[in-house]
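# Summary of structural features
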Amino acid sequence: MTIIALSRSVVCGAAMSKTADCCKRVLHYVFDYETTKTLVIPSLEVGCVFRFIQILVLLYALGYVLIVQKAYQQTDNVMSSVTTKVKGFAFTNTSDMDPRFWDMADYVIPSQGGNSFFVLTNMVITPHQTQSRCPELPSPSTTCVDDCDCTEGLNDPRGSGIQTGLCENYSTTARTCEVISWCPLEIDSTLPKRPVLAAAENFTVLIKNSITYPKFNFNMRNILPHINSSYLKRCEFNRATDPHCPIFRLKHMVAEAGEEFQDMAVKGGILGIIIDWSCDLDWWAGKCYPKYSFRRLDNKNPTNNVAPGYNFRFAKYFQTTDGEETRTLIKAYGIRFDVLVFGTAGKFGIVPTLVSLGAGLSFLSLVPAIADAYLMMCARKRRLYEKHKVTYLNEDEDSEPVSMGTTYGTQ
């Protein structure tokens, strides 16, 4: 019994000792104080790595972020207004219309353009329409055999009018339902293969664009201060010789967008006139000038070849001598020009300068960590450096601090 009691006593004592050691380690982990220790390493290898990384950080923070990206500036977005005026004349003489002279009141729709204007280049004309009754155009939903196939009062939004309930001869081979509409009906399959107004390529447009940056109280327009009336009458935009003239020839704008005017004019399209007013308003940066570019905005080759180009319908109304109202319906094909203005201006500001400088220089705090990583993993004497890098202080002995790897307690 005595032996068993002693054995239990020894086991309990060992367990208590183990628990005490565990508690002691936890207390050391929680309450040990770590202080910064400076370790001077006279190594050309490590010193070069440290300084090289510092130089890279400074080049990034000061050279790229602050200077190249102009992080020292406060910025503002442009506010803009645009007016346009198209000029040019054309004469047409085709089989389906009388000889006709065209000026800007005929082919520019609407007549006073803003950020967008349309130039007529091709058309399908249905003249002398009157409100009357006529057979519908042949289609699967309008063909008929007798009156029973037509519904009186039926209004199909995709049709040409309101059905009367009668089945009439459209041609010698087809019968269709009669409708109340503007007759004769438009036949839009007769689009000319070449643009009617082929001369539109030589029309010109004057674009007047005024911009402002409210934050900087800066105002400017694309008719620059050195431009006078005589110069405006003879200049034409040319990227190489006259990049600041606000008068553009339609053919040249389409060509700069990578398109052929005569091809685009057949079924129409949409062209973007892009004006970039990105400016540096610091006194040492020079002048603020607009930069022009051009791009086709619609898809000229849709995958299913359905509804390509750009077109819409409008009518011109007349009244005969006997008081009857008539109209000429025009399905207009042409090029819509959208003027797109954007830009950002920057100017020196002390607040963004300090913020950007502080954010950039904060990366310097990472340099010692990178240098330490190189020191402990890549340096030739990494074992020696590791030995002296971290030491523990043993308060139970009046001796020098021991190196990393020394355990707590009496040796």
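Further up the page is the structure itself.
So, here is what we can say about the structure in this document. (Residues numbered from 1 in each chain as written. Predicted model: local features only at pLDDT ≥ 70, side-chain atom pairs only at ≥ 80, totals over all residues. Heavy atoms only, no water.)

The pairing of strands in a sheet comes from backbone hydrogen bonds and takes either a parallel or an antiparallel form. Spatially, 1-17-13 is the arrangement adopted by the 3 strands of the open sheet, whose pairing is mixed. Strands at the two margins of the open sheet, each flanked by one partner only, are strand 1 (73–77) and strand 13 (279–280). Relative to strand 17 (residues 344–348), strand 1 is paired through 5 bridges, and the arrangement is antiparallel. Looking across to strand 17, one finds that Asp-76 is bridged to Ala-345. (Pairing = 2+ DSSP bridges. Helix = DSSP H or I, 4+ residues; strand = E, 2+ residues; numbered from the N terminus.)

It is worth spelling out a nonpolar patch on the surface at this point. A cluster of nonpolar side chains, namely Tyr-60, Tyr-64, Ile-67, Val-68, Phe-363, Leu-366 and Ile-370, defines an oily patch on the protein surface of about 680 Å² accessible area. Here the nonpolar patch gets 4 residues from one element, more than from any other, and that element is helix 2 (residues 44–68). By secondary structure assignment, the location of Ile-67 is in helix 2. (Patch = residues over 30% accessible without salt bridge, like charges linked within 9 Å, V, L, I, M, F, W, Y side chains within 5 Å. Areas by Shrake-Rupley, 256 points an atom, 1.4 Å probe, with all protein chains shown as cover. Salt bridge = Lys/Arg side-chain N within 4 Å of Asp/Glu carboxyl O.)

Let's shift gears to the state of the cysteines. Applying the stated criterion to the full structure yields 5 disulfides. Residue pairing for Cys-144: its cysteine sulfur links by disulfide to Cys-167, the two sulfurs lying 1.9 Å apart. Taking the sign of the torsion about the S-S bond as the criterion, the disulfide between Cys-144 and Cys-167, at about 90°, is right-handed. Here Cys-167 lies in strand 7 (residues 162–169) and Cys-144 lies in the loop between strand 6 (116–135) and strand 7, a separation of 23 residues in the sequence. Judged on exposure class, the residue Cys-144 and its partner Cys-167 are both buried. Two residues share a disulfide in this structure: Cys-235 and Cys-245, whose sulfurs sit 2.0 Å from each other. Taking the sign of the torsion about the S-S bond as the criterion, the disulfide between Cys-235 and Cys-245, at about 70°, is right-handed. Within this pair, whereas Cys-235 is found in the loop between helix 4 (229–234) and strand 11 (247–249), its partner Cys-245 is found in the loop between helix 4 and strand 11, the two being separated by 10 residues in sequence. (Disulfide = S-S within 2.5 Å. Buried < 20%, exposed > 50% of the residue type's maximum accessible area, 1.4 Å probe, protein only.)

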